[in-house]
Amino acid sequence: MSGLRVVFLGTSSAKPTLSRGLPAVALILDGVLVLFDCGEGTQLQFTRAGLRPSRLVLLCISHFHGDHINGIPGLLSTMNLDQHADPVTVMGPVGLKSYFRELRRLGIFQPRFPLTVLELDNKEREIRMDGFRVVADRVEHSLETWGFRFEEDSKPGRFNLDAARALGIPMGPLYGQLQHGEIVTLEDGRVIQPGEVLGAQRAGRVVAYVTDTRPCETALRLGQDADLLIHEATYARDMADQAAERRHSTSTEAAHIAARAGARKLVLTHLSPKYTDLTALIGEAREVFPNTQVAKDLVEIEILPRE
Ligand SMILES: [Zn+2]
Ligand SMILES: [Zn+2]
């Protein structure tokens, strides 16, 4: 199976610090890039991470708080300057279409490449692209906010050479057809089903991006059985009251979601700039869900194929 990696471009909340930019997470599958949120400074982080904006096919916006969206015009304007020509889709809350209309009307950004804007609602909650889909669902924040679940398509099972030889299938194009799930007919008239020479289907990898939110059932659904759950942890336990009041989560709450969802790994992000020492925040989460990591800007995580 091909490479899938996640690069954290911005991991602070509300305002940037010297070491943390504003929310943005890039996911790269076979050279194609999906971006979750686009805080101010994201395009510079692309450069620092060695990522090319021209790879961007899909931008998922969680909500309209400025820390999550103020990098959009800059990033897309640079793509214009770079003569980007391939289609890009942006999906996010209702209001996204008028946001782009205003950017255009004021002359801030006029796309010179095909740009599709998809507003999420009760019906529109999913986008399919080559090799994957992204599903969105409403989470619980102080304004309309969406969480996302990236699902790689499942892959056909491994080709069993011994089985193919035993069935007398001649080596060559028929192997490829069976590998692609096609039924083939041999010269002697026998019909071979792909299942006779292929192992069990291999499940695709799953990455969930859940910010900003209170811990909620939607977060659980989005993170169900995920290889990687990226969940906000704006605060440690010492600020649990503020977390509830401001509709955010503590690291402990995020860890409970990861544990209940059966996620394989949890990465905490959207950290309050007030914390210079994250020892408590990470320690508290690991008490609940040991495979927890705190995101850092420009850190990359490779997600290995499921076997
Ligand atoms: Zn935020
Ligand atoms: Zn917010």
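The preceding data block contains the structure.
Below is a short write-up of the structure. Keep in mind that what you see is a predicted model, and the values were worked out from it rather than measured.

Re the sheet that holds strand E6 (residues 115–119)
In spatial order, the strands read E6-E5-E4-E3-E2-E1-E16; together these seven strands make up an open sheet with mixed pairing. Only two strands of the sheet have a single partner each, and these edge strands are E6 and strand E16 (300–302). This sheet shows a mean twist of 15 degrees between the axes of neighbouring strands, independent of strand direction. The pairing of strand E3 (residues 32–36) with strand E4 (residues 56–60) spans four bridges and is parallel.

A few points about the coordination of the zinc ion (ligand 2)
Within the protein, the atoms that donate to the zinc ion (ligand 2) are His63 (NE2), His65 (ND1), His141 (NE2) and Asp212 (OD), at distances of 2.2 to 2.4 Å. Around the zinc ion (ligand 2), the four donor atoms are arranged such that angles at the metal cover 92 to 166 degrees; this shape is classified as irregular. Along the chain, the residues donating to the zinc ion (ligand 2) fall in the pattern H-x1-H-x75-H-x70-D. Here the zinc ion (ligand 1) and the zinc ion (ligand 2) are spaced 3.5 Å from one another, each receiving a donor from Asp212. Of this pair, His65 sits in the loop between E4 and helix H2 (66–69) while Asp212 sits in the loop between strand E12 (206–210) and helix H7 (217–223); the two residues are 147 residues apart in sequence, bridging distant segments of the chain. Residue classification places His65 among the partly exposed positions, given a relative accessible area of 29%. For Asp212, a relative accessible area of 1% gives the class buried.

Side note on the sheet that holds strand E15 (residues 292–294)
Backbone-to-backbone hydrogen bonds join strands into a sheet, with any given pair of strands oriented parallel or antiparallel. Strand order across the open sheet formed by seven strands is E7-E8-E9-E12-E13-E14-E15, with mixed pairing between neighbours. Each end of this open sheet is capped by a strand with a single partner; those strands are strand E7 (126–129) and E15. Across the sheet, the mean angle from the axis of one strand to that of its neighbour is 15 degrees, orientation sign disregarded. Across the face of the sheet, helix H10 (residues 279–288) comes into contact with strand E14 (266–269) and E15 while running at roughly 165 degrees to E15.

Topic: unusual backbone geometry
With an omega of -15 degrees, the peptide bond running from Thr211 to Asp212 counts as cis. Here the phi dihedral of Arg247 falls at roughly 60 degrees; this positive angle occurs in a residue that is not glycine. In this fold, Arg247 is placed in the loop between helix H8 (240–245) and helix H9 (251–261). The phi dihedral of His270 falls on the positive side, at around 60 degrees, and the residue is not glycine. Its location among the elements puts His270 in the loop between E14 and H10.

Digging into the packing of helix H3 (residues 72–81) against helix H4 (residues 96–105)
Packing of H3 against H4 brings their axes to within 12 Å, and their N-to-C directions diverge by 60 degrees. Judged on the interaxial angle alone, H4 and H3 are oblique. By crossing handedness, the relation of H3 to H4 is classed as right-handed. Contact residues: Ile72, Pro73 and Leu76 in H3; Tyr99, Phe100 and Leu103 in H4. Looking at side-chain class alone, the contact of H3 with H4 contains six nonpolar, no polar and no charged residues.

Conventions used here
Residues numbered from 1 in each chain as written. Chains lettered and ligands numbered in written order. Predicted model: local features only at pLDDT ≥ 70, side-chain atom pairs only at ≥ 80, totals over all residues. Heavy atoms only, no water. Pairing = 2+ DSSP bridges. Helix = DSSP H or I, 4+ residues; strand = E, 2+ residues; numbered from the N terminus. Axes fitted to C-alpha atoms, helices over the stretch in contact; angles between N-to-C directions. Donors = N, O, S within 2.8 Å, 3.2 Å for Na, K, Ca; no water. Tetrahedral: all angles 85-135°; square planar, octahedral: opposite > 155°, others 65-115°. Buried < 20%, exposed > 50% of the residue type's maximum accessible area, 1.4 Å probe, protein only. Contact = heavy atoms within 4.5 Å. Parallel < 35°, antiparallel > 145°, perpendicular 65-115°, else oblique. Left-handed = near helix turned anticlockwise from the far one by under 90°. Nonpolar A, V, L, I, M, F, W, Y, C, P; charged D, E, K, R; others polar.

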